[in-house]
Amino acid sequence: MLAEYLPTLLFLIVASGIGVALLIVGHVLGPRRPSAEKLSPYECGFEAFEDARMQFDVRYYLIAIQFIVFDLEIIFIVPWATVFRDLGIVGLIEMGLFAGMLLLGFIYVWKKGALEWE
């Protein structure tokens, strides 16, 4: 019974070996030119600052949340569209409510000014 898993085990060993080999080759042959700018900390789209309590613009996060909302919309609408005929009128009403709630969220973000950049 374990012989059935041999191809999978072999695949995992070969894939891990290739991954480790590529990391080693990149480390050995890759250029090493550190500079102050490359070594400086950078995260979240902002330059590093000393005070963690410094105020910043929240529109960055509103755009990120809006991206997640519309990404979820696509995740739900594509499978719905494939079985649309089987769901009937109930499926159409449910998807209409779902799209309507997303539209309300988009209008809210628009009215708050999250889509306007200075």
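Residues numbered from 1 in each chain as written. Predicted model: local features only at pLDDT ≥ 70, side-chain atom pairs only at ≥ 80, totals over all residues. Heavy atoms only, no water.

### Thoughts on the overall build of the chain
Where we set the bar: Each helix is a run of DSSP H or I of at least 4 residues and each strand a run of E of at least 2, with the numbering of both proceeding from the N terminus. Relative accessibility decides the category of a residue: with a 1.4 Å probe and only protein chains considered, values under 20% of the type maximum give buried, values over 50% give exposed, and everything between is partly exposed. Residues are treated as being in contact if the distance between any of their heavy atoms lies within 4.5 Å. Surface accessibility follows the Shrake-Rupley procedure with a 1.4 Å probe radius. Residue values consider only the protein chains on display as shielding.
The secondary structure content of the chain amounts to four helices and two strands. Counting from the amino terminus, the chain carries its helices and strands in the arrangement α-α-β-β-α-α. Taking all 118 residues of the chain together, the buried fraction comes to 8%. Pairs at least 24 apart in sequence give 58% of the contacts found in the chain among residues at least 6 apart. Accessible surface, the chain: about 10800 Å² in total, of which carbon and sulfur atoms supply 71%.

### Considerations on a nonpolar patch on the surface
Let me state the cut-off plainly: Residues form patches when they are more than 30% accessible in relative terms and have no salt bridge. Like charges link within 9 Å. Nonpolar side chains (Val, Leu, Ile, Met, Phe, Trp, Tyr) link within 5 Å. Only one rule defines a salt bridge in this text: a Lys or Arg side-chain nitrogen within 4 Å of an Asp or Glu carboxyl oxygen.
On the surface, Phe84, Ile89, Val90, Leu92, Ile93, Leu97 and Met101 cluster together to form a nonpolar patch covering roughly 710 Å² of accessible area. Structurally, Phe84 is set in helix 4 (residues 84–112). Judged by relative accessible area, which is 35%, Phe84 ranks as partly exposed.

### Some remarks on the packing of aromatic side chains
Note the following rule: Stacked, tilted and edge-to-face pairs are distinguished by plane angle, under 30 degrees for stacked and over 60 for edge-to-face with tilted covering the rest, among Phe, Tyr and Trp rings (Trp via its six-membered ring) whose centres lie within 6.5 Å.
Counted under the stated rule, the structure contains four aromatic pairs. Relative to Phe106, the ring of Phe70 lies with its centre 5.8 Å away and its plane at 75°, an arrangement referred to as edge-to-face. Highlighted residues: Phe70 in helix 3 (residues 59–82) and Phe106 in helix 4, separated in sequence by 36 residues. Judged by centre distance (5.5 Å) and plane angle (80°), the ring pair of Phe76 and Phe98 falls under edge-to-face.

### Brief notes about the UniProt feature "transmembrane region" (unreviewed entry) in the chain
The condition that has to hold: UniProt positions are given in the numbering used here, feature names are shortened, and annotations may be inferred rather than shown by experiment.
The UniProt record annotates "transmembrane region" (unreviewed entry) at residues 6–29, 60–81 and 87–110. Across residues 87–110, helical content stands at 100% and strand content at 0%; the span's end C-alpha atoms are separated by 33 Å.

### So, the packing of helix 3 against helix 4
The criterion, for reference: To obtain an axis, a line is fitted to C-alpha atoms, over the contacting stretch when the element is a helix, and the angle between two such axes runs from 0 to 180 degrees between their N-to-C directions. Here roughly perpendicular refers to angles of 65 to 115 degrees, roughly parallel to angles under 35, roughly antiparallel to angles over 145, and oblique to all remaining angles. Three classes are used: nonpolar for Ala, Val, Leu, Ile, Met, Phe, Trp, Tyr, Cys and Pro, charged for Asp, Glu, Lys and Arg, and polar for all others, with Gly counted as polar.
Direction vectors running N to C along helix 3 and helix 4 enclose 170°, while the axes themselves pass 10 Å from each other. Considering the angle they form, helix 3 stands roughly antiparallel to helix 4. Of the residues in helix 4, those touching helix 3 at Gln66, Val69, Phe70, Leu72, Glu73, Phe76, Ile77, Trp80, Ala81 and Thr82 are Phe84, Leu87, Gly91, Leu92, Met95, Phe98, Leu102, Phe106 and Val109. A per-class count over the contact of helix 3 with helix 4 returns 15 nonpolar, three polar and one charged.

### Observations regarding the side chain of Gln66
Structurally, the position occupied by Gln66 is in helix 3. In this structure Gln66 touches Phe106, Val109 and Leu115, once residues within four positions along its chain are discounted.

### Observations concerning the confidence of the model for the chain
Using the following cut-off: In predicted models, pLDDT denotes the confidence assigned by the predictor to each residue on a 0 to 100 scale.
This prediction gives the chain a mean pLDDT of 83; 86% of its residues lie at or above 70. Looking across the chain, the model is least confident in strand 2 (residues 46–47), with a mean pLDDT of 62, and most confident in helix 1 (residues 6–29), with 96.

### Concerning helix 3
Note the threshold: In this analysis, the expected span of each helix is defined as 1.5 Å times one less than the number of residues it contains.
Here helix 3 is 24 residues long and its end C-alpha atoms lie 35 Å apart, about the 34 Å a rise of 1.5 Å per residue gives. Residues Arg59, Gln66, Glu73 and Trp80 constitute the buried set of helix 3. Those residues of helix 3 that are buried are in contact with helix 4.

### Side note on the side chain of Glu73
Note the threshold: A residue counts as positive if it is Lys or Arg and as negative if it is Asp or Glu; His and the chain ends are not included.
Mapping Glu73 onto the fold places it in helix 3. Look at Glu73: it is buried, it has no salt bridge, and the nearest opposite charge is Lys111 at 19 Å.

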